[in-house]
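# Coordinate inspection notes
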Amino acid sequence: MNRILAFSSRNIKELLRDPLSYIFCLGFPIIMLIIMTVVDQSIPRESGMTVFHINNLCGGIAMFGQTFVMLFTALTVSKDRAGSFLVRMYATPMTSGDFTLGYIIPMLIISGLQLAITFCASLIISLITGIELSIGGMLLAFIVLIPSAVMFIGFGMLFGTLFGEKSAPGLCSIIISLGSFLGSVFFDAENTGGVMLTICKCLPFFYCTKSARSAISLNLGVEEFVIPLLIVCGSAIVITSLAMAVFSTKMKADLS
Amino acid sequence: MKAIETKALTKKYKEKTAVNALDIAVEEGELFALLGVNGAGKTTTIRMLSCLSAPTSGEASVLGHNVASEKSAVKEIIGISPQDTAVAENLTVRENLEFMAKVHSADKTKNAERVEKMIELFGMSEVVNSRAKTLSGGWKRKVSIAMALISEPKVLFLDEPTLGLDVLARRELWKVIRQLKGKITIILTTHYMEEAEELSDRIAIMINGKVAAIGTLPEIEAEAGAQGLENAFVAIAERGVN
């Protein structure tokens, strides 16, 4: 545990001292919330379009923000692997489990900070726009979005382990795009229906947004909340276990 | 007990044999230099001895612990400063030292004492609160070696510690290495003749993965029939090639 905490502490310091972390992980969700709220205000009410209302938007943006935590996880892991820092660490008594947990814990803390900032900004916007937001719902969404954060951190670790400093961010940008478009963040997939909805339902991002939105609106039905949350939890377990296994295999290969 | 002992230690990468049946024995407290040109097998040897690479065949032990079957025990007693400066760039010098201390021990009091000891030993008080990325190459190497020493290892591996440093920074680092001589066993790789000559108790000249000569400087000079390490090295290298 001591080694995990030491490595986590190093990783969180490295992250918090990188200005890009603030811009992408913490600032970007606020900018997106503001821009999308301006878009929402510009859409005529008669259109009946509610996807950009803050009560729908904040869950989606919270999930979208987590995709940038994935990017930073991939960058941190791939950068460490590219240099000789990990070589030095491999010669210490640290195990692959110590390394993976040491990467996951700080990213979860950053993700928690990001969620807190996103929800605080959403609350302010809700007061300005007059669209009601439940604080209880947001607190529940905070917890509901933890498995989703774990899943994105898992994706980041997987890409950072398998690919280099230059290709890992590129692959992450594919997931960021998929997450935003097929996660139903910027359009209402369920009202769109058809092939689009089928594609969205094939990927875990849709369920991340759906469970978060349901939590915010305290709509805790089985189909609206429980099943999507279970799918997200399952995806988080699969992706993170895969990332840990791949890291361990790569570490063994590096030491062979 | 020998600090390091290898028996027919070999490392092959597909067709290439990086280290070929290496037999060396290093006494405790000795500063042993592995001297050779790039690609001679020095770094591969260090990687095998520090459990960073598995031997293809042969055996190696560090203070009696086999590097292949007792990795955990070996990792507890060694420290390594890799060829590239392996420091956490956004952490300060103190934070880098504290981090490495915590990785090896949970004892806060002992760790704090070790950090202060390293700061004093390496004369780092003026840069202790500077982030590693802002340091010069010489300072970074010092931090890297201090990080390797923070766990109070019994065997220290220094892989090309002065590579790329200017003459003043190199001399400064030599001073630090000299201070460590006799206190712990040091295995140093270098391709600088004067460095091996200046610092080591014994030298092994590696050519194409093999030890071409081993001994003290006078022994190597006698074997090569040449005066000075550079001349001896050239004579041995030519003999090895021919």
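Here we summarise the structure given alongside this text. Just so it is clear, the model here is predicted, and its values are computed rather than measured.

Moving on, we get to the overall build of chain B. Helix and strand content of chain B: 9 helices and 11 strands. Its C-alpha atoms give chain B a radius of gyration of 18 Å, near enough to 18 Å, the size a compact globule of 242 residues would have. Its C-alpha atoms put chain B at 55 × 40 × 35 Å along the principal axes. Here chain B holds 242 residues, and the buried ones make up 55% of them.

Turning to the nonpolar core, a few remarks are in order. All names here are of chain B. One finds Leu 97 and Met 124 to be the most contacted residues of the largest nonpolar core, which totals 111 residues. The element that contributes the greatest number of residues to this core is helix H5 (residues 137-149), accounting for 7 residues. Among all residues touching Leu 97, those that are not within four sequence positions of it are Val 115, Met 118, Ile 119, Met 124, Ala 146, Met 147 and Ile 150.

As for its position among the elements, Glu 238 of chain B is in helix H9 (residues 229-241). Spatially, the C-alpha atom of Glu 238 of chain B lies 10.0 Å from that of Ile 207 of chain B, the residues being 31 residues apart in sequence.

Many structure descriptions define interface size as the accessible area lost when the parts assemble. Listed by partner, the interface residues are 21 residues for chain A and 34 residues for chain B. Summed over both partners, the interface of chain A with chain B buries about 2,400 Å², with 57% contributed by carbon and sulfur atoms. One can count 1 salt bridge joining chain A with chain B. As a salt-bridge pair, Glu 95 of chain B and Arg 17 of chain A come within 2.5 Å of each other at their nearest N and O atoms. Inspection of the region where chain A meets chain B yields 13 residue pairs in polar contact (both at pLDDT 80 or more). Listed by contribution, the elements that provide at least two residues to the side of chain A that touches chain B are helix H1 (2-16) and helix H4 (85-90) of chain A. In terms of residue count, the dominant contributor to the side of chain A that touches chain B is H1 of chain A (7 residues).

Moving on: the side chain of Glu 160 of chain B. The topology assignment puts Glu 160 of chain B in the loop between strand S8 (155-159) and helix H6 (167-180). At 3.4 Å, the side chain of Glu 160 of chain B forms a polar contact with the side chain of His 191 of chain B.

In this section: the packing of H5 of chain B against H6 of chain B. Two measures define how a pair of helices packs: the angle their axes make with one another and the distance between the axes. Residue and element names in this part refer to chain B. Orientation of H5 relative to H6, taken along the N-to-C sense of each, is 20°, at an axis distance of 9 Å. In this view, H5 runs roughly parallel relative to H6, as classed from their interaxial angle. For the pair H5 and H6, the crossing hand works out as right-handed. Here Gly 138, Arg 141, Lys 142, Ile 145 and Leu 149 of H5 come into contact with H6, specifically with Ala 169, Glu 172, Leu 173, Val 176 and Leu 180.

All names here are of chain A. Within the fold, Thr 118 resides in helix H5 (residues 96-129). Owing to a relative accessible area of 1%, Thr 118 belongs among the buried residues under this scheme. A polar contact is formed between the side chain of Thr 118 and the backbone oxygen of Gln 114, at a distance of 2.7 Å. Every residue in contact with Thr 118, bar those within four places of it in the chain, is listed here: Pro 29, Leu 33, Cys 58, Ile 61 and Ala 62.

It is worth spelling out the pattern of salt bridges at this point. Residues and elements named next belong to chain A. All chains considered together, the criterion is met by 18 salt bridges over all chains. A salt bridge links Asp 80 to Arg 10, with the nearest nitrogen and oxygen atoms 2.7 Å apart. Highlighted residues: Asp 80 in helix H3 (residues 54-82) and Arg 10 in helix H1, separated in sequence by 70 residues. As far as the burial class goes, Asp 80 and Arg 10 line up, both buried. A salt bridge links Arg 81 to Asp 254; the shortest N-O distance between them is 3.2 Å.

The next point concerns the environment of Ala 213 of chain B. Residues and elements named next belong to chain B. Here Ala 213 shows up in strand S11 (residues 210-215). For the pair Ala 213 and Ile 203, spaced 10 residues apart in sequence, the C-alpha to C-alpha distance is 8.0 Å. Setting aside residues no more than four positions away along its own chain, Ala 213 makes contact with Ile 203, Ala 204, Ile 205, Glu 223 and Ile 236.

Turning next to unusual backbone geometry. Residues and elements named next belong to chain B. We note that Lys 14 has phi near 50°; this positive angle belongs to a residue other than glycine. Judged by relative accessible area, which is 84%, Lys 14 ranks as exposed. Look at Glu 152: it is not a glycine, yet its phi comes out positive at around 55°. A relative accessible area of 43% places Glu 152 in the partly exposed class.

A few words on a nonpolar patch on the surface. Residues and elements named next belong to chain A. Where nonpolar side chains cluster on the molecular surface, the patch consists of Val 222, Val 226, Ile 227, Leu 230 and Ile 231 and spans about 400 Å² of accessible area. As for its position among the elements, Val 226 is in helix H11 (residues 222-254). The exposure class assigned to Val 226 is partly exposed, which follows from its relative accessible area of 34%.

Let us now look at the sheet that holds strand S4 (residues 31-35) of chain B. Paired through backbone hydrogen bonds, the strands of a sheet run either parallel or antiparallel to each other. Residues and elements named next belong to chain B. Strand order in the open sheet formed by 6 strands is S7-S8-S9-S4-S10-S11, and the pairing between neighbours is mixed. The sheet is open, and its two edges are formed by strand S7 (78-81) and S11, each paired on a single side. Each neighbouring strand pair of the sheet contributes to a mean axis angle of 15°, computed without reference to strand direction. Here strand S10 (residues 202-207) pairs with S11 via 5 bridges, running antiparallel. Looking at S11, one finds that Ala 204 is bridged to Ile 214. Sheet contacts for H5: S7 and S8; angle to S7, the most-contacted strand, approximately 165°.

The next subject is the packing of aromatic side chains. Under the criterion given, the structure shown has 17 aromatic pairs over all chains. The interplanar angle of 80° and the centroid separation of 5.6 Å between the aromatic rings of Phe 64 of chain A and Phe 68 of chain A together place this pair among those described as edge-to-face. One end of the pair, Phe 64 of chain A, and the other, Phe 68 of chain A, are both in helix H3, 4 residues apart, so they sit about a helical turn from each other. Assigned by exposure class, Phe 64 of chain A and Phe 68 of chain A land together as buried. Through a chain of ring-to-ring contacts, the aromatic side chains of Phe 7, Phe 85, Tyr 90, Phe 99, Tyr 103 and Phe 247 of chain A together with Phe 99 of chain B assemble into a single cluster. One Lys or Arg, Lys 142 of chain B, reaches over the ring of Trp 139 of chain B and ends 4.4 Å from the middle of that ring. Note that Arg 170 of chain B overlies the ring of Tyr 192 of chain B, its terminal NZ or CZ placed 3.8 Å from the centroid.

The rules behind the values
Residues numbered from 1 in each chain as written. Chains lettered and ligands numbered in written order. Predicted model: local features only at pLDDT ≥ 70, side-chain atom pairs only at ≥ 80, totals over all residues. Heavy atoms only, no water. Helix = DSSP H or I, 4+ residues; strand = E, 2+ residues; numbered from the N terminus. Rg over C-alpha atoms; globule rule 2.2 N^0.38 Å. Buried < 20%, exposed > 50% of the residue type's maximum accessible area, 1.4 Å probe, protein only. Core = buried A, V, L, I, M, F, W, Y, C linked by side-chain atoms within 4.5 Å. Contact = heavy atoms within 4.5 Å. Buried area = accessible area lost by both parts, 1.4 Å probe. Salt bridge = Lys/Arg side-chain N within 4 Å of Asp/Glu carboxyl O. Polar contact = N/O pair within 3.5 Å; in protein donor to acceptor, adjacent residues only side chain to side chain. Axes fitted to C-alpha atoms, helices over the stretch in contact; angles between N-to-C directions. Parallel < 35°, antiparallel > 145°, perpendicular 65-115°, else oblique. Left-handed = near helix turned anticlockwise from the far one by under 90°. Patch = residues over 30% accessible without salt bridge, like charges linked within 9 Å, V, L, I, M, F, W, Y side chains within 5 Å. Areas by Shrake-Rupley, 256 points an atom, 1.4 Å probe, with all protein chains shown as cover. Pairing = 2+ DSSP bridges. Phe/Tyr/Trp six-rings, centres within 6.5 Å; stacked < 30°, edge-to-face > 60°. Lys NZ or Arg CZ within 6 Å of the ring centre and 35° of its normal.

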